[in-house]
Amino acid sequence: MALRSSGRKFSFDILSTSILDDDHDSSTIATCLRSNSDPSPIDDSTTSPTGNRKKKKKKKHKRITEHPTISEHLDHSSSVGEFNGYCYSVAQTSSVLVCEEHETLPHSNMSSVSGLLFGELRQRNVIMVNGVSEESVGSPQIAHRESESITELESRSSSRGEGRSLENEVSLDWKRLLAEDPNQTFPVDKSPVKCFMEEMYAGNSLRSTVPLGNEKERDRVYDTIFRLPWRCELLIDVGFFVCLDSFLSLLTVMPTRLIMICWRFLKTRQFKKLSAVELSDIGCCVALASGAILLQQTDISLIYHMIRGQGTIKLYVVYNVLEVFDKLFQSFCGDVMQTLFNTAEGLANSSTESTQYWMRRFVVDEVVAVASSIVHSFILLAQSITLSTCIVAHNNTLFALLVSNNFAEIKSNVFKRYSKDNVHNLVYYDSVERFHISAFLLFVLAQNLLEADGPWFGSFICNALVVYLGEMAIDIIKHSFIAKFNNIKPIAFSEFLEDLCKQTLNIQTDNVKNNLTFVPLAPACVVIRVLRPVFAAHLPYNPLPWRLFWIFLLSAMTFVMLASLKVMISIGLKKHARWYINRCQTRKLHSD
């Protein structure tokens, strides 16, 4: 076997073989590791005249020990030598020596190998690994490294195996742990009666699931039950009357202004540039007249039978769908009317050169306002017909409608995260919804006046109370738990009411976006559509001049009644607003 210089790396493949030979005197034999880069074996023809010498057969036993491949420097990790015709090697990181027998080299090659190797091999050590004695030959440094590596491997194996299993066994010894526990933390060995008695005399039985409360928790309970509901209901009621005041202004104040504009034009016979308020009134009047005229052409009985005859879609589903579109168009119509009023302001203050531009813009905004109000009017009319169908039906359809609608409202609002401003706008939406329900009930009343037979007024009052009380209860529950889940104090609803009172008195607030936005065009179209047949049914059958007289008289009486109601509501709202604002200011001064 030829060896190269000690600076080159060798890659050794360990072939684990243990050879046991009963005929020989030696009991353990090791073979040297051979690299794949070694030269081919020496031909037997150089050592024997015959040249065809047969190799000796070896007896191999089944005892095999595997070991990973070792690739180290020859001068650092292994020592190689030859003794009595055997070549052997010792690796530093190996724990088991695997040897293989080779043929005896010639004397000439033997001398060269011994000249290379025996200058470095100075010491022979016997190493005990896993109970088996193995022999290694090498320098003292290599032997020292081998002994250290073997000791480290044994310590690691003992720490990973035996130590861990011992620790697990100790930790899993439950009986021993209980026996060594001086305080008896785990009363497993006690009888069920003793455990029950200890639980009975230990204190609160729900102490593990319900923590001990404090004054803050008590305040939250009574805020949810008492303080917040009446403040919320007061705010919704004031918002309802603000919406009613706006609705009555549309039916009384706006026609009066238009009559004054026409009278001024007839008196002066001169066209004067209109102000922003007058342009806004004209725009609202055009939208109201367009919606009322188109609603007059609709057949309510046809829509009633179409909704009542639905077999696939239930009535409460139809009502919920219409309510969703009502809220969408309510918000959209508010933005449209704000745009129209802004354009009217620009047209009133425009110069002569830009008048045409602002006029075209005003016409476009007016068309959008008319279209949106007409669509919203039809939605409210269909919703009122659906409610009327549920009230007239005798199979508890109204209760199914109320349960479905109110449960969906609680589910969609209570378990969401809201900020203070969002709750503010949500209360205003409930005020507008309360007003729309009043318009629907007025529609039902008008339909009963026209078509009902027998004693119907008592049942109508009962159904109206059920609808109103159900809506009030749902609004209180909804806002109480929204405030509870979002940590909103009842004082916040007092602040909302103060802002609404400032809006009633036309006092500018810091956040204009939190003002109540309500467009009464669509409800007014529905009310006009409903009340016209009632007035027509009560007109006397007289010649045309007398009929015109009665029409004018009933219209004047209705106008006076609505105007009186508007004045009373306006005066009451303003007085309440001044009183509440002064009260809030006084409270702030005392708190400071």
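Residues numbered from 1 in each chain as written. Predicted model: local features only at pLDDT ≥ 70, side-chain atom pairs only at ≥ 80, totals over all residues. Heavy atoms only, no water.

Mind laying out the overall build of the protein chain, listing which residues take part and the relevant values?
Counting its regular elements, the protein chain contains 16 helices and 6 strands. Within the span of the protein chain, comprising 592 residues, buried residues form 37% of the whole. Pairs at least 24 residues apart make up 77% of the contacts formed inside the protein chain by residues separated by at least 6 positions. A total accessible area of about 37100 Å² is found for the protein chain, and carbon and sulfur atoms account for 61% of it. (Helix = DSSP H or I, 4+ residues; strand = E, 2+ residues; numbered from the N terminus. Buried < 20%, exposed > 50% of the residue type's maximum accessible area, 1.4 Å probe, protein only. Contact = heavy atoms within 4.5 Å. Areas by Shrake-Rupley, 256 points an atom, 1.4 Å probe, with all protein chains shown as cover.)

Provide a residue-level description of a nonpolar patch on the surface, including the pertinent values.
On the surface, a nonpolar cluster with roughly 570 Å² of combined accessible area is contributed by I313, Y316, V317, V321, V324, F325 and L328. Inspection of the secondary structure puts F325 in helix α9 (residues 315-348). (Patch = residues over 30% accessible without salt bridge, like charges linked within 9 Å, V, L, I, M, F, W, Y side chains within 5 Å. Salt bridge = Lys/Arg side-chain N within 4 Å of Asp/Glu carboxyl O.)

So, the nonpolar core: which residues are in play, and what are the values?
Within the largest apolar cluster, 92 residues are counted, with the highest numbers of intra-cluster contacts made by F247, L387, L398, V423, F493 and L521. With 16 residues, helix α6 (residues 215-268) is the single largest residue contributor to this core. Contact partners of V423, with chain neighbours within four places excluded, come to Y418, I482, I488, F493 and F496. (Core = buried A, V, L, I, M, F, W, Y, C linked by side-chain atoms within 4.5 Å.)

Residue-level account of helix α7 (residues 276-296), with values.
Its 21 residues give α7 an end-to-end C-alpha distance of 30 Å, which sits within 8% of 30 Å, the value for a rise of 1.5 Å per residue. Within the sequence span of α7, burial applies to A276, E278, L279, S280, D281, G283, C284, A287, L288, G291, A292 and L295. Buried residues along α7 sit against α6, α9, α10 (355-392) and α15 (521-537). (Expected span 1.5 Å × (residues − 1).)

A description of the packing of aromatic side chains should follow, citing residues and the corresponding values.
Counted under the stated rule, the structure contains 14 aromatic pairs. Between F240 and F435, the ring centres sit 6.0 Å apart and the planes meet at 50 degrees, which makes this aromatic pair tilted. Taken together, the positions of F240 in helix α6 and F435 in helix α12 (residues 420-451) put the pair 195 residues apart, joining distant regions of the chain. In this pair, the class of F240 matches that of F435, namely buried. Between F493 and F496 the ring centres are 5.6 Å apart and the planes differ by 65 degrees, which places this aromatic pair in the edge-to-face class. Taken together, the residues F493 and F496, both in helix α14 (residues 491-504) and 3 residues apart, mark about one turn of the helix. A connected cluster of aromatic rings, assembled from ring pairs, spans F240, F241, F247, F435 and F518. (Phe/Tyr/Trp six-rings, centres within 6.5 Å; stacked < 30°, edge-to-face > 60°.)

Could you give me a rundown of helix α13 (residues 457-485), with the residues and numbers involved?
Note that an α-helix has 3.6 residues per turn; residues three or four places apart therefore point the same way. With 29 residues, α13 ought to run about 42 Å at 1.5 Å a step, and its terminal C-alpha atoms sit 42 Å apart, in line with that. Within two residues after α13, N487 carries a phi angle of roughly 55 degrees, on the positive side.

Go over empty space enclosed by the protein with me, naming the residues and quoting the values.
Taken as a whole and judged by the stated rule, the model has 9 cavities of 30 Å³ or more. By volume, the largest cavity is sized at about 140 Å³. What lines the largest cavity is a set of 15 residues, and nearest its centre among them are Y319, N405, E433, I437 and E471. Counting residues per element, the ones that place at least two in the lining of the largest cavity are α9, α10, α11 (397-413), α12 and α13. Residue composition of the lining of the largest cavity, by class: 7 nonpolar, 4 polar and 4 charged. (1 Å grid on protein atoms, 1.4 Å probe; cavity = no way out; pocket = protein on both sides within 12 Å on 5 of 7 lines; lining within 4 Å. Points joined across faces, edges and corners; volume = space filled by probe spheres on them. Nonpolar A, V, L, I, M, F, W, Y, C, P; charged D, E, K, R; others polar.)

Help me get a handle on the pattern of salt bridges, residues and values and all.
Charged atoms that come close allow side chains of opposite charge to pair. In total, this model carries 14 salt bridges according to the counting rule given. K502 is paired through a salt bridge with E498; the nearest N and O atoms lie 3.8 Å apart. In this pair, K502 and E498 both sit in helix α14, 4 residues apart, roughly one turn of the helix.

Provide a residue-level description of the layout of surface pockets, including the pertinent values.
Left-over empty space is what a probe sized like a water molecule reveals as it rolls over the atoms. By volume, the largest pocket amounts to about 1800 Å³. As for the largest pocket, its lining consists of 46 residues, of which S246, F341, Q503, L516 and F518 are closest to the centre. Its residues assigned to classes, the lining of the largest pocket comprises 22 nonpolar, 16 polar and 8 charged.

Now, about the environment of K574: what can you tell me, with residues and values included?
Along the chain, the position of K574 falls in helix α16 (residues 544-591). Residue classification places K574 among the partly exposed positions, given a relative accessible area of 35%.

Which residues make up unusual backbone geometry, and what values do they have?
Phi at N487 takes a positive value of approximately 55 degrees, unusual for a residue other than glycine. Positionally, N487 belongs in the loop between α13 and α14. Given the relative accessible area of 58%, N487 is considered exposed. Non-glycine residue N506 carries a positive phi angle of around 60 degrees. On the basis of relative accessible area, N506 is assigned to the exposed category, the value being 69%.

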